[in-house]
Amino acid sequence: MRMELPVSLITVTAVQRLTPGMARVTFRADTLPESVGATPDQQVKLCFARAGQERPLLPDPAANGDSMRWYQAFLAIPEDARPVMRSYTIRARRDDRVDIDFVLHGDAGPATRWASSAEPGDVIGMVGPSADYARPLGEADLLLLVGDETALPAIGTIVESLPAHARAVAYIEVTDKSEEQRFDTRADVTLHYLHRGDVSPGKSRALVDAVRRAELPAGSVFAWLAGESGTVRALRRLLVAERGMDKGSIDFSGYWRLKLTQDDAPTEEDIAEAQERLAQAQAEGGGTAWT
Ligand SMILES: Cc1cc2nc3c(=O)[nH]c(=O)nc-3n(C[C@H](O)[C@H](O)[C@H](O)COP(=O)(O)OP(=O)(O)OC[C@H]3O[C@@H](n4cnc5c(N)ncnc54)[C@H](O)[C@@H]3O)c2cc1C
């Protein structure tokens, strides 16, 4: 199956500190397909240059347009010259500009280090978003959104896109009040912010405890979960075992892994979940991510 995949170099035009721990970086792209930013929760892979390179080395554009061919060509670049690749969410798009919000987490990896010192003129690569990987939200009386600060950009796009008749409840874990964000929406949306305080990200039980205690309105629920993988796993188990939710009514995604980088090999649980997501996506007639 041929899977379409836009690839572009994007140039920083502005950097803004949204909150003490979140940087919004605005980029200009020479070519941005219409589809970019047209739907919520769009995932992209950002490619960061290696030390000594001015811009990331990306495969020949001839390989663009087919995700498998492009990724094989990417992997064929010698490791010491191959860009570092990390997953992010398109927060907003205006004409040829896109915003991406970076959590500046303390356990800095290459993406966070890059975002902490990004300046206008800096160039990175953007791969995707691909329509093949789009996962529309399920229909239900209530949308339950649960995540940590890495999920805030996606939650923001989802909440802003909801129609007036939609109802959503979100549980979002952040360090403290200074990291809270508000969103414009036509829908009936309740945001519950949970503060982890001094507890390290990924080690807090705040989300699990809050979802366990949550009094949700009567009716059907579709849940969208994202954040640290272990927490997402615990939330999904809780919703299935304690709330009797059907697995097909839960969209879940481990956005990062405690003590592991995005380059580290998948754990057995990661592989099992990826297979489950693939099976679910195929049953729904969609695709799934290729990492
Ligand atoms: C589909 C998808 C969409 C995402 N969208 C966004 C987004 O819009 N904005 C965003 O900021 N992130 C987003 N993420 C999460 C982001 O990709 C990870 O946090 C990534 O690990 C950051 O890369 P890094 O180079 O900074 O750290 P890595 O090199 O991957 O990891 C280095 C160390 O940092 C730790 N670490 C990674 N992330 C965090 C964190 N948030 N808090 C504390 N420790 C951490 C790791 O455990 C590791 O020990 C998304 C992830 C996915 C899969």
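Look up a bit, the structure's there.
Figured I'd write up the structure that's included with this text. Throughout this document, residue positions are counted from 1 along each chain, in the order its sequence is written. For this predicted model, a pLDDT threshold of at least 70 governs which residues receive local features, and a threshold of 80 or more governs which side-chain atom pairs are given and counted, while totals over whole chains, interfaces and linings are taken from all residues.

A closer look at the overall build of the chain
As a reminder, the rule being used: The helix count covers DSSP runs of H or I at least four residues long, the strand count covers runs of E at least two residues long, and both are numbered beginning at the N terminus. Only C-alpha atoms enter the radius of gyration, while the globule expectation follows 2.2 Å times N to the 0.38, with N the number of residues. For the exposure call, what matters is how many other C-beta atoms sit within 10 Å of a residue's own: 20 or more marks it buried, 12 or fewer exposed, and in between partly exposed, using C-beta atoms placed from the backbone. The contact rule is simple: place each C-beta atom from the backbone, and if two of them lie within 7 Å, those residues are in contact.
On a plain count of helices and strands, the chain comes out with 6 helices and 12 strands. The C-alpha atoms of the chain give a radius of gyration of 19 Å, which matches the 19 Å a tight globule of 291 residues would have. Taken along the three principal axes of its C-alpha coordinates, the chain extends 55 × 45 × 40 Å. Counting only residues that meet the buried cut, the chain has 35% of its 291 residues in that class. Put simply, 70% of the contacts in the chain that link residues at least 6 apart link residues at least 24 apart.

A few points about helix H1 (residues 67-75)
For clarity, the threshold we go by: What the arc describes is the spread of directions from the helix axis to the C-beta atoms.
Every buried residue of H1 is listed here: Ser67, Trp70 and Phe74. The buried residues of H1 occupy one face: seen down the axis, they fall within an arc of 65 degrees. For H1, the exposed residues set more than 90 degrees away from the buried face come down to Gln72 and Leu75. Buried residues belonging to H1 abut strand E1 (7-19).

Describing the site of the ligand
Where we set the bar: Contact assignment follows one rule, namely that a residue is near a molecule or strand if its backbone-placed C-beta atom lies within 6 Å of it. Classes in brief: Ala, Val, Leu, Ile, Met, Phe, Trp, Tyr, Cys and Pro nonpolar; Asp, Glu, Lys and Arg charged; the others, Gly included, polar. Domain ranges listed in this record stem from an automatic or a database domain assignment.
Surrounding the ligand, one finds 26 residues, the nearest of these being Val103, His105, Gly109, Thr112 and Thr261. Secondary-structure elements contributing two or more residues to the shell around the ligand are strand E4 (84-89), strand E6 (97-103), helix H2 (110-116) and strand E12 (250-256). When residues in the shell around the ligand are grouped by element, the largest group, 4 residues, is from E4. For the shell around the ligand, a count of residues per class yields 11 nonpolar, 10 polar and 5 charged. Of the residues that make up the shell around the ligand, three or more belong to each of domain 1 (7-132) and domain 2 (135-279).

Remarks on the sheet that holds E6
So the rule is basically this: Strand pairing is assigned whenever DSSP identifies at least 2 bridges connecting the two strands. Note on method: axes are straight lines fitted to C-alpha atoms, helices fitted across the in-contact stretch only, with angles between N-to-C directions ranging 0 to 180 degrees.
Spatial strand order, E4-E3-E7-E1-E2-E6-E5: 7 strands in an open sheet with antiparallel pairing. At either end of the open sheet lies a strand with only one pairing partner, and these are E4 and strand E5 (92-94). Taking the axes of each pair of neighbouring strands and ignoring which way they run, one obtains an average angle of 35 degrees across the sheet.

A few points about the pairing of strand E2 (residues 22-29)
With 8 bridges connecting them, E1 and E2 associate as antiparallel partners. From the neighbouring strand, Val12 faces E2, where its bridge partner is Phe27. Linking E1 to E2, which pair antiparallel, is a turn of 2 residues. Where E2 and E6 come together, 7 bridges link them in antiparallel fashion.

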